[in-house]
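Analysis of the macromolecular model
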Amino acid sequence: MRREGPHRLCPGGVDAAPGVIRPTYAAGHNGGVTRPALLAISHGTSSPAGQAAVAALVDAVARRLPGTIVRLGHVDVQQPDVAASLDAIPAATPVVIVPLLLSAGYHVRVDLIRQSAGRDGVTIAPALGPDERLVDALVTRLATVAPEPEDALVLAVAGSSDDRANEDCRVTARMLGARLGREVAIGFLAAADPRLDVAVSAAGDRVVVADYLLAPGYFHDLAVTHAGPATVAPPLLGSDEPPASLVDLVVDRYNGSAGLPD
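Described below are features of the structure shown in this document. (Residues numbered from 1 in each chain as written. Predicted model: local features only at pLDDT ≥ 70, side-chain atom pairs only at ≥ 80, totals over all residues. Heavy atoms only, no water.)

We now examine the overall build of the protein chain. From N to C terminus, the protein chain includes 8 helices and 9 strands. Every one of the 262 residues in the protein chain was classed for burial, and the buried ones make up 52%. When contacts within the protein chain are restricted to residue pairs at least 6 apart in sequence, those whose partners lie at least 24 apart make up 74%. (Helix = DSSP H or I, 4+ residues; strand = E, 2+ residues; numbered from the N terminus. Buried < 20%, exposed > 50% of the residue type's maximum accessible area, 1.4 Å probe, protein only. Contact = heavy atoms within 4.5 Å.)

This is the structure in structure tokens:
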């Protein structure tokens with residue numbers, strides 16, 4: 001049997017090497033094609049609220065994909081990690097890893113490749129952002145804190161040592177600004193400038209912070225601290241039902257990387 005690249009990157013995703021192609025899937029018992037498993041990989045968090053919110057998103061994705069193996073793993077902090085999550089999926093089943101990460105930083109470009117290197121037939125889908133469906137979720141979360149026209153808006157993002165990931169976030173800030181018809185500044189919580197507290201101070205006396213973080217946890221708490229007196233909107237996921245736009249986005253990343261119809 002031909003060996004599939006264990007860290008194959010989906011075309012259109014992260015720096016796919018020349019000549020990289022989509023994996024081919026083995027014929028099933030009825031002459032059909034074996035449907036790949038979907039392994040959703042989050043960053044991981046020690047926050048119980050964050051863990052529950054991400055699990056709820058993956059549960060909603062699984063309901064959208066009956067007959068597909070859907071699993072959740074983590075690149076850091078939580079277990080199971082990537083290798084253990086792959087081991088829990090039958091060896092003959094191809095796998096599409098969908099990073100539940102908002103930009104393509106070190107975890108997507110390096111960690112996922114390294115941590116999935118022991119398994120054949122793995123495709124790594126693009127990160128979730130930038131994407132208009134994330135902007136949909138940001139707008140919905142902002143509405144819960146009802147910013148006034150005179151309020152300045154700052155987008156809080158985690159930040160990365162890979163500036164390509166930071167640029168993904170800058171693109172999202174511009175997309176949000178275009179959607180709202182107003183300027184949206186950006187503030188980083190780590191690794192890049194301007195830091196959130198600096199961006200909030202520079203924005204003026206009335207500031208609302210849009211929280212470009214997937215779920216409650218360390219970085220959301222940090223955003224609240226660094227925002228000072230500014231109002232901070234909730235992260236994209238919370239204790240309520242996961243936004244349909246995020247479920248659609250994860251399913252589309254899976255279908256596109258697996259070569260399946262929408």
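Once that is clear, we can look at the pairing of strand E2 (residues 37-42). With 6 of 6 residues buried, E2 lies mostly within the body of the structure. Along E2, one buried face is formed by Ala37, Leu39 and Ile41 and the opposite face, lined by Leu38, Ala40 and Ser42, is buried too. With 5 bridges joining them, E2 and strand E4 (residues 95-99) adopt parallel strand pairing. For leucine 38, the partnering residue across the bridge sits in E4 and is valine 96. In this sheet, strand E3 (residues 70-74) lies alongside E2 in parallel orientation, the contact comprising 5 bridges. Bridge pairing in E3 links alanine 40 to leucine 72. You can see the chain leave E2, run along helix H1 (residues 48-64) and come back into E3, and the turn it takes is right-handed. (Pairing = 2+ DSSP bridges. Right-handed = clockwise from strand over helix to strand, strands pointing away.)

Another aspect to go through is the packing of aromatic side chains. The final tally for this structure, using the stated rule, is 1 aromatic pair. With centroids separated by 5.2 Å and ring planes inclined at 75°, the aromatic side chains of tyrosine 218 and phenylalanine 219 adopt a geometry described as edge-to-face. Classification of tyrosine 218 by relative accessible area gives exposed; the value is 58%. By relative accessible area, which is 28% here, phenylalanine 219 ends up partly exposed. (Phe/Tyr/Trp six-rings, centres within 6.5 Å; stacked < 30°, edge-to-face > 60°.)

To continue, consider helix H4 (residues 132-143). Helix length check: H4 (12 residues) gives 17 Å between terminal C-alpha atoms against 16 Å at 1.5 Å per residue, within 8%. Where H4 is buried, its residues contact strand E6 (152-157), helix H5 (163-180), strand E8 (207-211) and helix H8 (244-258). (Expected span 1.5 Å × (residues − 1).)

On to the side chain of serine 42, then. Tracing the sequence through the fold places serine 42 in strand E2. Within the structure, serine 42 has its side chain in polar contact with the side chain of histidine 74 (distance 2.7 Å). Contact partners of serine 42, with chain neighbours within four places excluded, come to Val54, Leu72, Gly73, His74, Val75 and Leu100. (Polar contact = N/O pair within 3.5 Å; in protein donor to acceptor, adjacent residues only side chain to side chain.)

The subject of this paragraph is the packing of H4 against H5. Put simply, H4 and H5 touch, their axes get as near as 10 Å, and they point 60° apart. Here H4 is positioned oblique relative to H5, judged by the angle of their axes. The handedness of the crossing between H4 and H5 is right-handed. Only Thr172, Met175, Leu176, Arg179 and Leu180 of H5 make contact with H4, whose side of the interface consists of Glu132, Val135, Asp136, Leu138, Val139 and Leu142. Across the contact of H4 with H5, the residue classes break down as 7 nonpolar, 1 polar and 3 charged. (Axes fitted to C-alpha atoms, helices over the stretch in contact; angles between N-to-C directions. Parallel < 35°, antiparallel > 145°, perpendicular 65-115°, else oblique. Left-handed = near helix turned anticlockwise from the far one by under 90°. Nonpolar A, V, L, I, M, F, W, Y, C, P; charged D, E, K, R; others polar.)

Before going further, it helps to spend a moment on the environment of serine 161. Here serine 161 is to be found in the loop between E6 and H5. Given a relative accessible area of 69%, serine 161 falls into the exposed group. Considered as a pair, serine 161 and glycine 105 are 56 residues apart in the sequence and their alpha carbons are 7.6 Å apart.

Trans is the common state for peptide bonds, and a negative phi is the common state for residues other than glycine. Here glutamine 79 and proline 80 are connected by a cis peptide whose omega angle stands at 0°. Within the fold, proline 80 resides in the loop between E3 and helix H2 (82-87). Cis geometry is adopted by the peptide bond preceding proline 130, which originates at glycine 129 and carries an omega value of 0°. Residue placement: proline 130 occurs in the loop between strand E5 (122-124) and H4. The phi dihedral of valine 77 is positive, around 70°, even though this residue is not glycine. Take valine 77: it is sitting in the loop between E3 and H2. For alanine 146, which is not glycine, the phi torsion reads 50° and is therefore positive. Structurally, alanine 146 is set in the loop between H4 and E6.

So, to be careful, I would describe these as geometric facts and stop short of saying anything about function.
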